[in-house]
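Each chain, written out:
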Amino acid sequence: AQAVPGALLPADAGDGAVPSPLLRQDEQLELLERLDFVVRNIVELRKEVEELRNSLQDLAVEIVGEVRIHLEETQRVTRRRKFPFPRDRSDSTGSSSIYFTASSGNANTDDGESEGGYTTANAESDYDRESEQESEDEVSCDTVRTMRRDSLDLVPEDESPLVLDSSLEEGLGQLLEQADRLHSGDEQDRREGFQLLLNNKLAYAGQREFLWRLARAHCDMWELTEDADERRSYASGGKEELELTLQKWDQSAECHQWFAILCGHLSEQESIPKRIQAGYVFKEHIDKAIALKPQDPQLYYLLGRWCYQVAHLGWLEKRTVSALFEAPPTATVQDALQNFLRVEELSPGFSKAGRVYIAKCYRDLGNASAAVLWMDLASELPGNTKEVTLSREQKWILPLCSA
């Protein structure tokens with residue numbers, strides 16, 4: 001009686017009255033469960049607030065870096081404007097242009113001689129050196145980009161893709177068949193397939209079917225590698241290959257598909273804003289791939305995975321999306337379910353993981369009997385179904401996944 005507050009005793013009870021609980025035992029248990037639920041939510045909320053604080057700090061660092069770069073560019077432009085009247089330049093020795101002539105080491109000129117045996121026509125100003133250096137840098141960058149594009153395309157820009165002769169065309173067909181077979185094999189086969197495509201890149205780098213398989217091989221190596229830096233290197237290399245490829249073959253469903261997957265790989269270790277941005281890119285290219293190849297079940301499986309992830313975004317991700325993007329991605333569990341069912345419609349038994357996700361969707365929608373049915377159907381499929389031979393997509397992380 002001493003342990004029970006007076007509020008639990010009737011108002012007209014005497015000093016010797018025995019208190020009776022106001023709540024029944026089942027009501028007390030329910031109250032305790034609710035209190036436990038509130039406590040757990042408070043703990044989770046505290047963790048999410050801490051993650052949000054860390055993300056905002058990272059975002060602030062990025063903004064400061066961008067502002068610093070902008071200020072440096074502005075200062076560089078301001079320095080250039082201090083010389084509004086550029087000097088006239090000509091090829092004569094009396095002009096102020098910078099040129100170099102080979103010297104035998106004993107040439108007698110009024111200007112100084114450099115250590116490498118070269119002389120300048122006139123002493124240049126700091127502004128001249130800076131402008132000349134920036135010009136050379138721009139030319140160098142253009143040259144590198146041109147060489148890289150040429151090394152990939154191996155065809156003039158105004159011509160169609162490289163037309164192979166009969167022997168090379170037959171060799172390409174055999175190479176692609178072998179690459180597909182190795183991609184469907186074990187770890188050693190996939191490593192061999194990656195090296196095989198690299199060895200033949202110079203001969204077939206102008207062929208679309210070769211290039212998207214090379215990007216797919218980069219995905220294989222990303223999966224087989226444990227080191228984070230190496231994984232990022234493989235994903236970045238494959239993505240760069242496809243960036244140039246899509247400039248010429250924007251109507252290739254396979255190029256869009258593997259570009260989306262590689263974007264997902266690259267975003268794995270990024271901050272929440274960058275993962276969300278990668279999610280936009282992922283969805284954009286999967287949509288393009290479906291428009292070009294509407295009967296491919298794997299594309300609908302990938303879109304279903306994306307919709308399911310978006311529908312289950314955590315509180316922190318939703319707040320970040322709302323704060324940083326005007327049009328946040330939207331998708332529901334029902335959207336995900338329709339895509340997974342479309343996979344079964346196009347290719348029954350295509351994906352064991354797809355059937356598991358159908359069961360998850362029905363569970364989330366409250367249809368327990370349908371969820372049990374699809375789990376039973378999933379258990380009937382072996383582990384090495386088509387989804388494994390195509391992309392091992394059950395192992396890689398989608399851009400919008402929070403973990």
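Residues numbered from 1 in each chain as written. Predicted model: local features only at pLDDT ≥ 70, side-chain atom pairs only at ≥ 80, totals over all residues. Heavy atoms only, no water.

- For the chain, an unreviewed UniProt entry supplies the name Regulator of microtubule dynamics protein 3 and the organism Promerops cafer.
- The UniProt entry for the chain carries the following comment under Sequence similarities (unreviewed entry): "Belongs to the RMDN family." (UniProt positions renumbered as here; feature names shortened; annotations may be inferred.)

1. Side note on the overall build of the chain
Then comes step 1: Counting its regular elements, the chain contains 15 helices and 2 strands.
Then comes step 2: Considering the chain as a whole, with its 403 residues, one finds that 36% of them fall into the buried category.
Then comes step 3: Summed over all atoms, the accessible surface of the chain reaches about 24400 Å², with 52% contributed by carbon and sulfur. (Helix = DSSP H or I, 4+ residues; strand = E, 2+ residues; numbered from the N terminus. Buried < 20%, exposed > 50% of the residue type's maximum accessible area, 1.4 Å probe, protein only. Areas by Shrake-Rupley, 256 points an atom, 1.4 Å probe, with all protein chains shown as cover.)

2. Thoughts on the packing of helix α10 (residues 297-311) against helix α13 (residues 352-364)
Then comes step 1: Packing of α10 against α13 leaves a shortest axis separation of 11 Å and a crossing angle of 35 degrees. For the crossing formed where α10 meets α13, the hand is left-handed. Where α10 approaches α13, its residues Tyr 301, Arg 305 and Tyr 308 are matched on the opposing element by Ala 353, Gly 354, Tyr 357, Lys 360, Cys 361, Arg 363 and Asp 364.
Then comes step 2: Considering only residue class, the contact of α10 with α13 consists of 5 nonpolar, 1 polar and 4 charged. (Axes fitted to C-alpha atoms, helices over the stretch in contact; angles between N-to-C directions. Left-handed = near helix turned anticlockwise from the far one by under 90°. Contact = heavy atoms within 4.5 Å. Nonpolar A, V, L, I, M, F, W, Y, C, P; charged D, E, K, R; others polar.)

3. Re the nonpolar core
Then comes step 1: If you look at the biggest cluster of nonpolar residues, it comprises 46 residues, and the most contacted ones within it are Leu 242, Ile 286, Tyr 301, Trp 306, Phe 340, Cys 361 and Tyr 362.
Then comes step 2: When contributions to this core are tallied by element, the ones reaching two or more residues are α6 (208-224), α7 (228-248), α8 (253-266), α9 (272-292), α10, α12 (333-346), α13 and α14 (368-379).
Then comes step 3: Those residues in contact with Cys 361, other than ones at most four positions away along the chain, are Tyr 308, Val 333, Ala 336, Leu 337 and Phe 340.
Then comes step 4: Residues Leu 172, Leu 175, Phe 194 and Leu 224 belong to the second largest nonpolar core, which totals 16 residues. (Core = buried A, V, L, I, M, F, W, Y, C linked by side-chain atoms within 4.5 Å.)

4. A look at α9
Then comes step 1: In a regular helix each residue adds 1.5 Å, so 21 residues correspond to 30 Å; α9 covers 30 Å between its end C-alpha atoms and thus fits that length.
Then comes step 2: Along α9, the residues that are buried comprise Ile 272, Pro 273, Arg 275, Ile 276, Ala 278, Gly 279, Phe 282, His 285, Ile 286, Ala 289 and Ile 290. (Expected span 1.5 Å × (residues − 1).)

5. Re α7
Given 3.6 residues to a turn, an α-helix orients residues that are three or four positions apart in the same direction.
Then comes step 1: Counted at 1.5 Å a residue, the expected span for α7 with its 21 residues is 30 Å, and the 31 Å between its end C-alpha atoms agrees.
Then comes step 2: Residue Asp 227 occupies the N-cap position of α7, its side-chain oxygen lying 3.1 Å from the main-chain nitrogen of Asp 229. (Polar contact = N/O pair within 3.5 Å; in protein donor to acceptor, adjacent residues only side chain to side chain.)

6. So, the pattern of salt bridges
Then comes step 1: Applying the stated criterion across every chain, the model contains 19 salt bridges.
Then comes step 2: Among the salt bridges present, the one from Glu 50 reaches Arg 53, with a minimum N-O distance of 2.4 Å. Taken as a pair, Glu 50 and Arg 53 lie in helix α1 (residues 25-81) at a separation of 3 residues, close to a single helical turn.
Then comes step 3: With a shortest N-O distance of 3.3 Å, Lys 288 and Glu 284 are connected by a salt bridge. (Salt bridge = Lys/Arg side-chain N within 4 Å of Asp/Glu carboxyl O.)

7. Remarks on the UniProt feature "coiled-coil region" (unreviewed entry) in the chain
Then comes step 1: Within this structure's numbering, the places UniProt gives as "coiled-coil region" (unreviewed entry) are residues 35-62.
Then comes step 2: The span residues 35-62 is 100% helical and 0% strand by assignment, and the distance between its end C-alpha atoms comes to 41 Å.

8. Examining the confidence of the model for the chain
Then comes step 1: Across the chain, pLDDT averages 74, with 67% of residues at or above 70.
Then comes step 2: In the model of the chain, strand β1 (residues 100-102) stands out as the element of lowest mean pLDDT, 33, in contrast to α12, which has the highest, 96.
Then comes step 3: In this model residues 82-127 is a low-confidence stretch, pLDDT under 50, and it forms 48 contacts with partners more than four residues away in sequence or in other chains. (pLDDT = per-residue confidence, 0-100.)

9. A closer look at the side chain of Glu 254
Then comes step 1: Tracing the chain through its elements places Glu 254 in helix α8.
Then comes step 2: At a separation of 2.9 Å, a polar atom in the side chain of Glu 254 contacts the side chain of Lys 293.
Then comes step 3: Sequence-distant contacts of Glu 254, that is, excluding residues within four places in its chain, are made with Trp 212 and Lys 293.

10. Side note on the packing of aromatic side chains
Then comes step 1: Applying the stated criterion to the full structure yields 5 aromatic pairs.
Then comes step 2: Aromatic side chains Phe 194 and Tyr 234 sit 5.7 Å apart centroid to centroid with 90 degrees between the ring planes, which places their arrangement in the edge-to-face category. Of this pair, Phe 194 sits in helix α4 (residues 187-199) while Tyr 234 sits in helix α7, placing them 40 residues apart in sequence.
Then comes step 3: With 5.3 Å between their ring centres and 25 degrees between their planes, Phe 340 and Tyr 357 make a pair best called stacked. Of this pair, Phe 340 sits in helix α12 while Tyr 357 sits in helix α13, and the two are 17 residues apart along the sequence.
Then comes step 4: Among the residues examined, Phe 340 registers a relative accessible area of 1% and is labelled buried. (Phe/Tyr/Trp six-rings, centres within 6.5 Å; stacked < 30°, edge-to-face > 60°.)

11. Things to note about the state of the cysteines
Then comes step 1: According to the stated counting rule, one finds 0 disulfides in the structure shown.
Then comes step 2: Left unpaired, Cys 361 is separated from the closest cysteine sulfur, that of Cys 307, by 9.3 Å.
Then comes step 3: By relative accessible area, Cys 361 is classed as buried at 0%. (Disulfide = S-S within 2.5 Å.)

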